[in-house]
Amino acid sequence: MMIANDVHFKCDECGAIHSRGSLASGNTFGAQLFCDGKTIYPHLPEFPAITTCKRCSKNFWLDQHTKYVLTGDENEPIYASDFLSLKEYTNVFKDKEYRKDMDELFLRSRMLWKFHDPYRYEGSDVSFLREQPEYVSNLERLIELYAADETPPEILMVAEFHRYLGQFAQAIALIEPLLESEVEFFAKILWKRNQQADACVFRLSEY
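Notes on the structure follow. (Residues numbered from 1 in each chain as written. Predicted model: local features only at pLDDT ≥ 70, side-chain atom pairs only at ≥ 80, totals over all residues. Heavy atoms only, no water.)

**Examining the pattern of salt bridges**
- Evaluation of the coordinates by the stated rule reveals 14 salt bridges.
- A salt bridge links Asp117 to Lys38; the shortest N-O distance between them is 3.1 Å. Taken together, the residues Asp117 in the loop between α2 (101-116) and α3 (133-147) and Lys38 in the loop between β3 (32-34) and β4 (39-40) connect sequence positions 79 residues apart.
- Look at Lys38 and you get buried, because its relative accessible area is 16%.
- The partner of Asp82 in a salt bridge is Lys54, and the shortest N-O contact between them spans 3.0 Å. Here Lys54 lies in the loop between β5 (50-52) and β6 (59-61) and Asp82 lies in the loop between β8 (78-80) and α1 (86-95), a separation of 28 residues in the sequence.
- Take Asp82: its relative accessible area is 39%, and that puts it in the partly exposed class.
- A relative accessible area of 39% places Lys54 in the partly exposed class. (Salt bridge = Lys/Arg side-chain N within 4 Å of Asp/Glu carboxyl O. Helix = DSSP H or I, 4+ residues; strand = E, 2+ residues; numbered from the N terminus. Buried < 20%, exposed > 50% of the residue type's maximum accessible area, 1.4 Å probe, protein only.)

This is how it looks when you write it as structure tokens:
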């Protein structure tokens, strides 16, 4: 892994400059895949794609539309771009600060991972998270977004979202036709978890 220079972006609301790291090169060795779809690459870190402005508190995307090249004449602070907090994700969805379904899917997946991150390495039961309305509504919307694509990997993810909601019968009904498909390895693991009414988040594989 080789770290490259920071890249910079301007808030499209107030013009405050924010920086974000970048990579010159990386690799996927030692990647860890988790049941909620998150993959952690030790040598390929993820950088924020959207952040909350440190000056005006507006959420803005770090992309070609907001990219900024330093001139050297800047007389203002440069803020570090942070990943969104759970509260900031909620605000993004409330204000619909995304442009298309793929953006929403990207954000909602990462909101789910944010909920699960404190528990994933312990393989903990996350059923208590159902007490938080934002967790439940996020999963319900993820089910809607994924259900539009009926390929085996997407169907398996929909089953996973049902499992986190405690809807084990619905999950089993989706998984059983996949037990002899291209996702058979994962389907068998998740089928067993649903049979046990298990709502843990856990590591599926390492490669």
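Picking up where we left off.
**Topic: the sheet that holds strand β7 (residues 67-68)**
- Across the sheet, 4 strands lie side by side as β7-β1-β2-β8; this open sheet has mixed pairing. Here the strands that pair on one side only, and so sit at the sheet edges, are β7 and β8.
- The pairing of strand β1 (residues 2-10) with β7 spans 2 bridges and is classified as antiparallel. Its bridge partner being in β7, His8 is matched across the sheet by Tyr68. (Pairing = 2+ DSSP bridges.)

**So, the nonpolar core**
- One finds Leu107, Leu112, Tyr135, Phe161 and Tyr164 to be the most contacted residues of the largest nonpolar core, which totals 40 residues.
- Residue assignment for this core shows that the elements contributing at least two residues are α1, α2, α3, α4 (152-164), α5 (168-175) and α6 (184-195).
- Looking at this core element by element, the count peaks at 7 residues for α3.
- Discounting residues that sit within four places of it in the chain, Tyr164 has contacts with Cys35, Asp36, Leu112, His116, Val126, Arg130, Tyr135, Leu139 and Cys200. (Core = buried A, V, L, I, M, F, W, Y, C linked by side-chain atoms within 4.5 Å. Contact = heavy atoms within 4.5 Å.)

**Quick look at the pairing of strand β2 (residues 17-25)**
- Across 7 bridges, β1 lies against β2 in antiparallel orientation. Within β2, the residue paired with Val7 across the bridge is Arg20.
- Taking the residues between adjacent antiparallel strands as the criterion, β1 and β2 are bridged by 6 residues, where Gly15 takes a positive phi near 85 degrees.
- Bridge count between β2 and β8: 3 bridges; the pairing is parallel. If you follow Ile17 over to β8, its bridge partner there is Ile78.

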